[in-house]
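Report on the structure
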Amino acid sequence: MRGTRITIMVLLAAMLLPVMAQEVEVASQRRLLEGVEGPAYYPVLNKSGDRLLFMSEAGGLKMYDLVDDVTTVVTRDRVAGNDACWGGDGKVYFVTQRVGEDNLIYRTGCSYDVETRQTTALTEAQHGAVRAVPATRGGALKAPGRGYTSSSDIGSAAWTEGNRVHVTVGGDERVFSPVDSWAGYLWASLSPDGKRVAFFAAGKGIVVIDLRGQMLAMLGNYEMPCWYNDDYLVAQNAKDDGHQFTSSQIVLLKADGTFMAELNKPASMAMHPTCGGGRIVYTTIDGLLYEMKINIHE
């Protein structure tokens with residue numbers, strides 16, 4: 001009996017060793033645009049991590065070049081929600097909104113060319129949801145009315161509608177509902193290698209699936225997942241009392257669900273994480289932007 005007990009303890013220790021050996025170090029952290037910009041929300045890094053989109057307090061969209069340290073106004077019009085993204089063609093895709101004379105909200109899908117600094121309306125103003133979707137070769141605007149795609153082959157993309165996640169691969173659109181969710185799905189994104197999709201399911205948390213809709217992992221009740229690399233995601237861990245946030249922090253999650261690390265404290269009120277080029281950028285509840293770099297030891 002004693003020998004059996006020792007064997008079990010050894011096996012358990014061997015199973016736990018990879019998890020225990022994993023460590024994350026915050027290598028650096030700095031405030032961005034301090035004294036230059038007012039409150040900034042919903043940051044979105046491009047793939048290389050050298051350009052950052054963010055919403056101003058007034059609801060317009062700006063772009064910050066982290067290399068040249070220059071901020072550019074993309075649009076002063078109010079952007080719908082946090083609906084702005086980087087397309088695989090290097091352009092910015094976003095949706096503006098205005099209230100019409102009939103008191104209905106009308107949304108217009110737009111793009112911004114970083115090189116020419118030109119903004120173009122891609123759809124007519126329409127009542128109803130319009131969503132900007134990044135793709136590996138371009139971008140799209142999904143709408144119940146007339147939408148838009150930047151080319152006949154935009155590559156791979158992922159987005160959510162209600163309690164369905166849509167995945168486009170090689171021109172083939174696939175629709176999945178791998179978990180039940182009382183309030184639907186949000187924040188779908190492709191892994192950098194294009195082999196998996198992560199999204200948030202209300203009441204369930206972050207879900208990772210393959211391109212056939214098979215569930216690979218459930219990472220916990222975190223929000224706003226963003227792929228850090230092929231193996232890890234960064235997410236928001238926010239708590240509230242039903243009226244307001246009581247705490248919020250940024251966490252690192254392994255895509256197979258075996259590891260979680262806190263990157264800052266719950267009292268930091270950090271939220272809206274985005275990743276690119278080895279950088280992590282987030283904002284606080286007061287609209288203060290921070291850049292973080294980490295080292296993962298395995």
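The paragraphs below set out a description of the structure included in this document. The structure presented is a predicted model; accordingly, all values stated were derived computationally and were not measured. (Residues numbered from 1 in each chain as written. Predicted model: local features only at pLDDT ≥ 70, side-chain atom pairs only at ≥ 80, totals over all residues. Heavy atoms only, no water.)

Looking at the sheet that holds strand β2 (residues 40–45)
Taken in spatial order, the 4 strands line up as β2-β3-β4-β5 in an open sheet, and their pairing is antiparallel. On the outer flanks of this sheet lie β2 and β5 (70–75), each paired with one strand and no other. Strand-to-strand twist in this sheet, taken as the mean axis angle between neighbours without regard to direction, amounts to 25°. Direction of pairing for strand β4 (residues 61–65) relative to β5: antiparallel, over a ladder of 5 bridges. Bridging across to β5, Y64 finds its partner in T71. (Pairing = 2+ DSSP bridges. Helix = DSSP H or I, 4+ residues; strand = E, 2+ residues; numbered from the N terminus. Axes fitted to C-alpha atoms, helices over the stretch in contact; angles between N-to-C directions.)

Considerations on the layout of surface pockets
The calculated volume of the second largest pocket comes to roughly 150 Å³. As for the second largest pocket, its lining consists of R51, M63, D65, D68, V70, T72, Y112, V114, E115 and R117. At the level of elements, β4 and β5 are the ones that each hand at least two residues to the lining of the second largest pocket. Residue composition of the lining of the second largest pocket, grouped by class: 4 nonpolar, 1 polar and 5 charged. (1 Å grid on protein atoms, 1.4 Å probe; cavity = no way out; pocket = protein on both sides within 12 Å on 5 of 7 lines; lining within 4 Å. Points joined across faces, edges and corners; volume = space filled by probe spheres on them. Nonpolar A, V, L, I, M, F, W, Y, C, P; charged D, E, K, R; others polar.)

Examining the pattern of salt bridges
According to the stated counting rule, one finds 9 salt bridges in the structure shown. Linking R51 and D65 is a salt bridge whose minimum nitrogen-to-oxygen distance equals 3.7 Å. On the criterion of sequence distance, the pair formed by R51 in strand β3 (residues 51–56) and D65 in strand β4 is long-range, its members being 14 residues apart. Overall, the relative accessible area of 24% leaves R51 in the partly exposed class. A salt bridge links D172 to R174; the shortest N-O distance between them is 3.1 Å. Residue classification places D172 among the partly exposed positions, given a relative accessible area of 38%. (Salt bridge = Lys/Arg side-chain N within 4 Å of Asp/Glu carboxyl O. Buried < 20%, exposed > 50% of the residue type's maximum accessible area, 1.4 Å probe, protein only.)

Digging into unusual backbone geometry
Phi is positive for Y42, which is not a glycine, with a value near 50°. Along the chain, the position of Y42 falls in strand β2. We classify Y42 as partly exposed; its relative accessible area is 31%. For N103, which is not a glycine, the phi torsion comes out positive at approximately 70°. On the secondary structure map, N103 appears in the loop between β7 (92–99) and β8 (105–113).

Let's talk about the side chain of R107
Note that R107 resides in strand β8. Lacking a salt bridge, the buried R107 has D83 as its closest oppositely charged neighbour, with an N-O distance of 7.3 Å. Side-chain polar atoms of R107 contact the backbone oxygen of G128, separated by 3.1 Å. Once residues within four sequence positions are removed from consideration, R107 is found in contact with A80, V95, T96, Q97, E124, A125, Q126, G128, A129 and V130. (Lys, Arg positive; Asp, Glu negative; His and termini not counted. Polar contact = N/O pair within 3.5 Å; in protein donor to acceptor, adjacent residues only side chain to side chain. Contact = heavy atoms within 4.5 Å.)

As for the sheet that holds strand β19 (residues 205–210)
Here we have 4 strands laid out as an open sheet, ordered β17-β18-β19-β20, and antiparallel in their pairing. Each having just a single partner strand, β17 (185–190) and β20 (215–220) make up the two edges of the open sheet. Direction aside, the axes of adjacent strands within the sheet are offset by 20° on average. Looking at chain direction, β17 and strand β18 (residues 196–201) are connected through 4 bridges and run antiparallel. Bridged to L190 within β18 is V197.

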